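Fold and geometry: a report
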Number of protein chains: 2
Amino acid sequence: MNVTFLGSGNLATHVALALKSAGETIVQVYSPNFEHARELADKVGAEPVSDLSCLKQTDVYISAVKDNAQETVWQNLSSNGYIHDSSLMFHTSGSIGLDEVRKYFKRSAVFYPLQSFSKHRAVDLSDAPFLIDASSKETEEIAVSLAHKISSNVSIMDSEKRKVVHLAAVFASNFANNMYSIAADILGQDDIPFSILAPLIRETAAKIEGMHPVDAQTGPAVRGDMNIMKAHLGRLSSNYAEIYSMVSGNIERMRDDTNIKKQR
Amino acid sequence: MNVTFLGSGNLATHVALALKSAGETIVQVYSPNFEHARELADKVGAEPVSDLSCLKQTDVYISAVKDNAQETVWQNLSSNGYIHDSSLMFHTSGSIGLDEVRKYFKRSAVFYPLQSFSKHRAVDLSDAPFLIDASSKETEEIAVSLAHKISSNVSIMDSEKRKVVHLAAVFASNFANNMYSIAADILGQDDIPFSILAPLIRETAAKIEGMHPVDAQTGPAVRGDMNIMKAHLGRLSSNYAEIYSMVSGNIERMRDDTNIKKQR
């Protein structure tokens, strides 16, 4: 397939590289910043463009610009007729519905990889969940087959459910990472290298592949060890103490909440 | 070496199994609950006891009872003379100082494995940091050499620094796990299996082995994407919304804090 990428950020880069490796052709990479477009275009043998009017007609467009820029790009492409309004337009945003792109392109789909992408880190997409929601059966089949070039883990999921998954992912990934950041800051203040926590972090993440996280919970809060919690609070700055109290309270609440469904 | 375990919980179990595998002899396992003592004793070929007066004299005692029971056990053993007060007494608590055990046993050490232990999950201790703090050079050498039977990652660390590490570990492990729990609960309410997040959680944890977590941060808060954060808050119960706001605010604060030392 001939594919055009709109956007050249971390997600666009990793997905474009994976599609290229799978033998697809990336024709053009668009970014409003030409240097950014060129950086990705060079990696995948495509032409960089910074002007939407320069886009060629290709089999599919993968729209991976920033969430708050997606609609502007679609509107611009559609109202100016830079590409056919029958073009296949896939977007990669976890929190944008299918309806929002279908307003501009009848043959559209959500093509959302549930993974965290960083600039200078290769990521294995082979088992990353790709969540697909498409405007028609025909479009769905194309989106699923394109996702299968990259990952073995492709599901159909409507936009309402996908927003729930995206919200859950913020806790499981972004917020878990912020807990690592606080730990790193606490250690750094005593000149202790953060790497001392690496085996523990690795094990904590691995553990929940075999058990529900509520059952995997350890530490002073789940044991109700008030002495240690009090000592910890005494060592923390007010910002971190507030987080410590709130999360500890939530651990105790979840320990005792019999309504939590523990399907995996 | 002949080793006696005081305590038969998750930490005692995993450390005893590792020492047994390394060829050490576990003579007795003590727990106030005889059935618990027997469960671990059977696994490591030791004698179970539930009465401190039945303890035999061995080369070293590893005291791994609950934090709030440690001192009572030491006091009991020492004041009743059940074992020599020149016995080697090592304790495994991250948050208890060396002084607290040295009051009762002159030849004592902290023998703290920085890892998270669960009942039904084997854990690889071969690279788990063992943090040692000992009452003398001679005792330190014995503790270090015993830890080296289990792990290649053994450090000397005073009790003040170890308490900092223990506090950081609560954030990096216990609180990160609570973020997984919240994600699981959010998904469960829509009957979405938690396993969908496994590749993301794995990657998020793996990422910080190569970069500082503040630099690895992704998501709406670090991007300052107010629209998505507002939509997320609208979907959350008040408990989770409060955590969402507080952690998002902390992500923004840490993004902009130039005083964070990023040594690894």
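Preceding this section is the structure that the text describes.
Quick summary incoming for the structure in this document. Since the model is a prediction, treat every value here as computed from it, not as a measurement.

Moving on to the interface of chain B and chain A. In this complex, chain B contributes 94 residues to the contact, which on the side of chain A involves 94 residues. Between chain B and chain A, the buried area comes to about 9200 Å², and carbon and sulfur atoms account for 64% of it. Here E160(A) makes a salt bridge to R235(B), at a shortest N to O gap of 2.8 Å. Scanning the region where chain B abuts chain A turns up 41 residue pairs in polar contact (both at pLDDT 80 or more). Going through the elements one at a time, α6 (159-189), α7 (198-207), α8 (213-216), α9 (220-223), α10 (226-235) and α11 (238-256) of chain B are the ones with two or more residues in the side of chain B that touches chain A. The element contributing the most residues to the side of chain B that touches chain A is α6(B), with 29 residues. The class makeup of the residues in the side of chain B that touches chain A is 51 nonpolar, 23 polar and 20 charged.

Next up on the list: the pairing of strand β2 (residues 25-30) of chain B. Two faces belong to every sheet, and in a regular strand the side chains alternate between them. Residue and element names in this part refer to chain B. Bridging between strand β1 (residues 2-6) and β2 involves five bridges; their strand directions are parallel. Bridge pairing in β2 links N2 to T25. Viewed along the sheet, the connection from β1 through helix α1 (residues 10-21) into β2 turns out right-handed. Where β2 and strand β3 (residues 47-49) come together, three bridges link them in parallel fashion. Looking across to β3, one finds that V29 is bridged to P48. Between the parallel pair β2 and β3, the chain is carried across by helix α2 (residues 34-44), and the sense of this crossover is right-handed.

Further remarks concern the relation of the copies chain B and chain A. Overlaying chain B with chain A gives an RMSD of 0.0 Å, the required rotation being 180° about an axis along which the chain moves by 0.0 Å. What the rotation and shift describe, once combined, is the action of a two-fold rotation axis. When C-alpha distances to the rotation axis are compared across chain B, the minimum falls at A176(B), with a value of 2.2 Å. Interface residue correspondence from chain B to chain A reaches 100%, placing this contact among same-surface, isologous pairings.

This part covers empty space enclosed by the protein. Overall, the coordinates contain four cavities of 30 Å³ or more when judged by the stated rule. Of the volumes computed, that of the largest cavity is approximately 50 Å³. Every residue along the wall of the largest cavity is listed here: N178(A), S181(A), V214(B), Q217(B), V222(B), I251(B), M254(B) and R255(B). Looking at which element gives the most residues to the lining of the largest cavity, the answer is α11(B), with three residues. Partitioning the lining of the largest cavity into residue classes produces four nonpolar, three polar and one charged.

Let us now look at the sheet that holds β2(B). Backbone hydrogen bonds are what pair the strands of a sheet, in a parallel or an antiparallel way. Residues and elements named next belong to chain B. With respect to topology, eight strands assemble into an open sheet ordered β3-β2-β1-β4-β5-β6-β7-β8, the strand pairing being mixed. Taken across any chain shown, the strands that pair with only one partner, and hence form the sheet edges, are β3 and β8 (154-156). Strand-to-strand twist of the sheet, defined as the mean angle between neighbouring strand axes without regard to direction, takes the value 25°. Pairing of strand β5 (residues 88-91) with strand β6 (residues 108-113), which is carried by three bridges, proceeds in the parallel orientation. Directly across from M89, in β6, lies its bridge partner S108.

The rules behind these values
Residues numbered from 1 in each chain as written. Chains lettered and ligands numbered in written order. Predicted model: local features only at pLDDT ≥ 70, side-chain atom pairs only at ≥ 80, totals over all residues. Heavy atoms only, no water. Contact = heavy atoms within 4.5 Å. Buried area = accessible area lost by both parts, 1.4 Å probe. Salt bridge = Lys/Arg side-chain N within 4 Å of Asp/Glu carboxyl O. Polar contact = N/O pair within 3.5 Å; in protein donor to acceptor, adjacent residues only side chain to side chain. Helix = DSSP H or I, 4+ residues; strand = E, 2+ residues; numbered from the N terminus. Nonpolar A, V, L, I, M, F, W, Y, C, P; charged D, E, K, R; others polar. Pairing = 2+ DSSP bridges. Right-handed = clockwise from strand over helix to strand, strands pointing away. Least-squares fit on C-alpha atoms with pLDDT ≥ 70 in both. 1 Å grid on protein atoms, 1.4 Å probe; cavity = no way out; pocket = protein on both sides within 12 Å on 5 of 7 lines; lining within 4 Å. Points joined across faces, edges and corners; volume = space filled by probe spheres on them. Axes fitted to C-alpha atoms, helices over the stretch in contact; angles between N-to-C directions.

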